[in-house]
Amino acid sequence: NPELFVFPIESYGYFNRINQYLIDKYRPQKVIGFLWDDNFTYKQHPYNIFARVERFFVRRSVKRLVVQCDKVLAICPKMKSECDKEFNINSIVVTKPRKEVDILPYNLPNNRPIRLVYTGSLVIGRYGTIKALVEVIQKINHDYGNVFYLDVYSQTPLTSRQINAIDISGCSRFNGAIKQSDVFVEQQNSDILVFVENMNNTFNNVARLSFSTKITDYLSAGRTILAIGPDNISSIEYFKEEDAAVVCPSSNVIYDVLLNIMNNP
């Protein structure tokens, strides 16, 4: 006789059917579903007929669950907007909270290099964006001296060739994985925190409605955020609408943006 049943609404029907079974069998007093990814539109793979057929059945399972929810939670404002319109509901935005710490005023120091830090996954195209950033840092450091340095912390396994491409003496270093407690220390010891999404269209729709937990961690650190990614996905939209980051909507503008930071610290 559960009073409250809270569950994620997923992109595969089997998991959704398990939750449907639990609702039918145990009749919870309140049912709350959580949408944290695009599990209900055809926008992820618009031209793949097999993906569209699969999504047809997933959408049916999602709709069946949403109808039975007393409340639906959405991971970000863009998710709320789309699922409210799709299901005619009034969902509640719930993200990972900001850490309860005092954010002290921070000014970029005059000493060089300016330290950029990236902490997180390098999958679904993010590696390519980091590689593009490293190439720009190489060019600026070659033209203007020792201006920027990027530290990358990630548990994503890379080939030696991939590591060599983003581990450049005097410009950047790939440090591998570190403990979560150390992640917060490195973020605090940074000048600029780097947030990246995939810059080509291959994976953009996969992350279209997602909201990275890094966002609130970065906001908690009280540092400038350099966000690189297309401006039609939720995380980059959020940074722009809240004026919370220096945004590069394409790889072509990274050089000019870093040059502007160098000249106007």
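Before reading on, note that the structure itself is shown above.
Please read all numbers here as calculations on a predicted model, not as lab measurements. (Residues numbered from 1 in each chain as written. Predicted model: local features only at pLDDT ≥ 70, side-chain atom pairs only at ≥ 80, totals over all residues. Heavy atoms only, no water.)

J.: If you had to explain the overall build of the protein to someone new, which residues and values would you point to?
T.: Scanning the protein from N- to C-terminus turns up nine helices and ten strands. In terms of overall dimensions, the protein has a C-alpha envelope of 65 × 45 × 30 Å along the principal axes. Across the 265 residues that make up the protein, the buried fraction comes to 47%. Accessible surface, the protein: about 14,000 Å² in total, of which carbon and sulfur atoms supply 51%. Computing the positive centroid from 30 side-chain charges and the negative centroid from 27, the protein places the two 6 Å apart. (Helix = DSSP H or I, 4+ residues; strand = E, 2+ residues; numbered from the N terminus. Buried < 20%, exposed > 50% of the residue type's maximum accessible area, 1.4 Å probe, protein only. Areas by Shrake-Rupley, 256 points an atom, 1.4 Å probe, with all protein chains shown as cover. Lys, Arg positive; Asp, Glu negative; His and termini not counted. Charge placed at Lys NZ, Arg CZ, Asp CG, Glu CD.)

J.: Tell me about unusual backbone geometry, and please be specific about residues and values.
T.: At R27, a residue that is not glycine, the phi angle is positive and equals roughly 45 degrees. Inspection of the secondary structure puts R27 in the loop between α1 (13–26) and β2 (30–35). Of note, the phi angle at I124 is positive, near 40 degrees, even though the residue is not glycine. A relative accessible area of 27% places I124 in the partly exposed class.

J.: Quick one: what's the story with the side chain of T41, residue by residue and with numbers?
T.: Secondary-structure assignment places T41 in the loop between β2 and α2 (49–68). Take T41: its relative accessible area is 7%, and that puts it in the buried class. Among the polar contacts listed, one links the side chain of T41 to the side chain of D38, at a separation of 2.6 Å. Excluding anything up to four places from it in sequence, T41 contacts R55, R59, E82 and R208. (Polar contact = N/O pair within 3.5 Å; in protein donor to acceptor, adjacent residues only side chain to side chain. Contact = heavy atoms within 4.5 Å.)

J.: Hey, could you go over the sheet that holds strand β1 (residues 4–8) for me, with residue numbers and the actual values?
T.: A sheet is described by the order of its strands in space; here four strands give the open sequence β1-β2-β3-β4, paired in parallel fashion. Two strands bound the open sheet, and with one partner strand each, they are β1 and β4 (92–93). The strands touched by α1 are β1 and β2; relative to β1, the strand with the most contacts, the crossing angle is about 170 degrees. (Pairing = 2+ DSSP bridges. Axes fitted to C-alpha atoms, helices over the stretch in contact; angles between N-to-C directions.)

J.: Describe the pattern of salt bridges, naming the residues involved and giving the relevant values.
T.: Where charged atoms of side chains with opposite charge meet at close range, the side chains can pair. According to the stated counting rule, one finds 13 salt bridges in the structure shown. Here E135 and K131 are joined by a salt bridge, their closest N and O atoms 2.9 Å apart. Separated by four residues within a single helix, E135 and K131 lie in helix α4 (residues 126–144), roughly one turn from each other. A network of salt bridges, in which partner residues are shared, links R115, D151 and E186. (Salt bridge = Lys/Arg side-chain N within 4 Å of Asp/Glu carboxyl O.)

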